[in-house]
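# Results of the structural survey
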Amino acid sequence: MDPAQAGDAMTTLFALCDCNNFYASCERVFQPQLNGKPVVVLSNNDGCVVARSNEAKALGIQMGAPFFEIRDLAECGDVHAFSSNYVLYGDMSSRVMATLSLFTPNIEVYSIDESFLDLGNFYKKDLNEYCWEIKRTVQQWTGIPISLGVAPTKALAKVANKLAKKSQKAKGVLVLTDPHHLAEALKATQIEDVWGVGRQYAKLLRRHGVSTAYDFTQKNDAWVKKHMAVVGLRLVKELRGESCLELEELAPPKKGICTSRGFGERLTEYSQIEEATASYAATCARKLRKQGSCARVMTVFLQTNFFSEREPQYSNSRTITLPVATNSDLELIHYASLALKSIFRPGYRYKKSGVFLTEIVPNYQIQYDLLDKVDREKHNSLMETVDRLAARYGRDIVKVAAQGLDPLWQMKCERRSPCFTTRLSEIPIVYIE
DNA sequence: TCTGGGGTCCTAGGACCC
DNA sequence: TCTGGGGTCCTAGGACCC
């Protein structure tokens with residue numbers, strides 16, 4: 001093999017593509033009158049700001065700001081605030097990812113609004129022009145604006161992406177392959193902006209004279225390993241251009257599945273909390289079935305509001321090992337109620353409960369119990385039917401009676417936009433006893 | 001009054017065994 | 001009963017991500 005070819009075969013190249021202000025952009029796609037206006041999207045229960053349009057950022061609204069701080073702005077119409085609409089965002093995300101996969105056969109969907117593209121075979125193309133073509137196409141086909149950063153490793157692609165967004169000149173696309181450009185980019189990147197460096201590591205690094213990504217690459221491996229373990233070592237190598245993180249095209253099955261939410265209002269009655277917790281258990285069950293697995297260990301937790309200092313506080317959890325791993329709504333709800341009953345104490349105003357499943361195994365690896373009295377075949381076929389109905393008519397079309405009829409605990413989302421892209425169900429809900 | 005939810009990976013330390 | 005080393009498994013906690 002001639003040396004030039006050998007070189008090519010060794011060279012990696014990744015693009016990190018991320019949707020600008022994703023949730024806010026989704027809200028704007030179907031309401032173009034919001035273009036150019038400040039838009040924010042709120043967390044569950046309309047608690048705090050989780051996404052902001054550029055105009056909202058310019059107003060000084062911070063990520064994570066509690067909604068009550070900007071309520072006045074929203075009420076007089078200076079800011080358009082939306083409850084989060086995950087059905088809409090999930091659907092828009094699929095459209096973006098489908099469009100991106102037309103540009104390379106190898107893509108890793110990293111989160112709802114980010115993906116890595118393997119551009120290893122595209123070195124000879126005009127990369128800048130190719131990225132612009134990707135950006136234009138996604139904008140045209142989905143209405144979502146994206147930014148692209150391209151570099152030889154995933155961590156460097158993240159650096160490139162951040163600068164692509166920040167730089168007036170780049171306007172959303174930055175290709176970093178030249179070593180001098182890479183060094184400049186690392187010098188222009190503050191250490192806390194590096195992927196994998198959180199608050200604690202940033203503090204530690206600054207204490208040791210590291211203030212930019214470039215400074216970090218100058219630290220020796222032994223020091224990095226000692227203070228930041230193998231994860232830190234991998235990161236510093238990636239920043240020096242040595243690719244250690246591969247593209248993960250197939251998401252591995254989850255090892256833990258959790259569903260927990262704050263209640264729409266404080267709850268004091270056991271029966272209401274039981275309904276909410278039953279619903280969380282059913283959501284966990286649906287997540288399990290979606291990835292083709294069952295869980296054997298369940299933890300249920302319950303807590304009051306830690307923020308309100310004057311009220312009496314209580315929190316507790318109970319972990320149960322099930323006789324046989326399962327993904328049935330009925331069984332998981334049954335055990336969730338048992339666990340909840342054992343930790344519930346009257347006399348508190350509760351804020352939140354949750355269900356957490358572990359020891360997750362594929363459906364085909366379940367250990368059965370000789371004394372098992374549950375008719376598993378019947379449960380499976382019931383759940384299959386429930387999932388089919390849900391896929392056709394919407395998630396809550398069929399549910400277990402324990403989940404309740406008119407739940408007081410349901411999240412507050414007073415500012416939800418319509419589900420523009422998915423069917424709205426008009427069929428009455430069916431309950432399984 | 002109001003302050004999100006759902007994950008991953010790694011390490012240290014203790015229990016236990018040979 | 002004490003001495004020592006080495007291995008495995010489990011758990012709790014800390015760090016990070018979006």
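Every value quoted in this text rests on a predicted model; they were computed, and no experiment measured them. (Residues numbered from 1 in each chain as written. Chains lettered and ligands numbered in written order. Predicted model: local features only at pLDDT ≥ 70, side-chain atom pairs only at ≥ 80, totals over all residues. Heavy atoms only, no water.)

## Things to note about the sheet that holds strand β6 (residues 114-118)
- Spatial strand order, β5-β6-β1-β7-β8: 5 strands in an open sheet with mixed pairing. At either end of the open sheet lies a strand with only one pairing partner, and these are β5 (107-111) and β8 (173-175). With strand direction ignored, the average angle separating the axes of adjacent strands in the sheet is 15°.
- Here β5 pairs with β6 via 4 bridges, running antiparallel. Each residue of the ladder has a partner; that of V109, found in β6, is S115. (Pairing = 2+ DSSP bridges. Helix = DSSP H or I, 4+ residues; strand = E, 2+ residues; numbered from the N terminus. Axes fitted to C-alpha atoms, helices over the stretch in contact; angles between N-to-C directions.)

## Observations regarding the protein's contact with DNA strand C
- Every one of the 13 residues lining DNA strand C counts as a neighbour, but S111, K158, G196, G198 and Y201 are closest to it.
- What you see for DNA strand C is that sugar and phosphate hold 100% of its atoms within 4 Å of the protein.
- Take K158: an N or O atom from its side chain is 2.7 Å from a phosphate oxygen of DNA strand C.
- Between Q200 and DNA strand C, the recorded distance is 3.3 Å, taken from a backbone N or O atom to a phosphate oxygen.
- Where the surface near DNA strand C is concerned, the elements lending two or more residues are β5 and α9 (199-207). (Near = heavy atom within 4 Å. Polar contact = N/O pair within 3.5 Å; in protein donor to acceptor, adjacent residues only side chain to side chain.)

## Remarks on the packing of aromatic side chains
- A complete count under the given rule lists 16 aromatic pairs for this structure.
- With a centroid separation of 5.2 Å and an interplanar angle of 25°, the aromatic rings of F122 and Y130 are classed as stacked. No difference in accessibility class separates F122 from Y130, as the two residues are buried.
- Their ring planes at 70° and their centres at 5.2 Å tell us that Y270 and F344 sit as a pair that is edge-to-face. Note that Y270 is positioned in helix α12 (residues 270-290) and F344 in the loop between α13 (329-343) and β12 (350-362), a separation of 74 residues in sequence. The burial state of Y270 is the same as that of F344; both residues are buried.
- Taken together, the ring pairs in this structure connect Y270, Y314, F344, Y348 and Y350 into an aromatic cluster.
- The lysine or arginine in question, K154, covers the ring of F116, its NZ or CZ lying 4.8 Å from the ring centre.
- It is K219 that lies over the ring of W223; its NZ or CZ is 4.6 Å from the centre. (Phe/Tyr/Trp six-rings, centres within 6.5 Å; stacked < 30°, edge-to-face > 60°. Buried < 20%, exposed > 50% of the residue type's maximum accessible area, 1.4 Å probe, protein only. Lys NZ or Arg CZ within 6 Å of the ring centre and 35° of its normal.)

## Comments concerning the protein's contact with DNA strand B
- As a structural note, the neighbourhood of DNA strand B is formed by 24 residues, with N44, K255, C258, S260 and G262 the closest of them.
- The protein-proximal atoms of DNA strand B, defined as those within 4 Å of the protein, are 75% sugar or phosphate.
- S260 has a polar backbone atom sitting 2.4 Å from a phosphate oxygen of DNA strand B.
- Listing elements by their share of the surface near DNA strand B, those giving two or more residues are α11 (221-239), β9 (257-267) and β12.
- Residue contributions to the surface near DNA strand B peak at 7 residues, all from β9.
- Here the surface near DNA strand B is composed, by residue class, of 8 nonpolar, 8 polar and 8 charged. (Nonpolar A, V, L, I, M, F, W, Y, C, P; charged D, E, K, R; others polar.)

## Concerning the pattern of salt bridges
- Summed over the entire model, instances satisfying the criterion amount to 13 salt bridges.
- D18 is the partner of K165 in a salt bridge, and the nearest nitrogen-oxygen pair spans 3.0 Å. Separated by 147 residues along the polypeptide, K165 in helix α7 (residues 154-166) and D18 in strand β1 (residues 14-19) bring together distant segments of the chain.
- Residues D329 and R289 are paired through a salt bridge, measuring 2.9 Å at the closest nitrogen-oxygen approach. Separated by 40 residues along the polypeptide, D329 in helix α13 and R289 in helix α12 bring together distant segments of the chain. Just as D329 is buried, R289 falls in that class too.
- Here the salt bridges share partners, and the residues they tie into one network are R289, D329 and D387. (Salt bridge = Lys/Arg side-chain N within 4 Å of Asp/Glu carboxyl O.)

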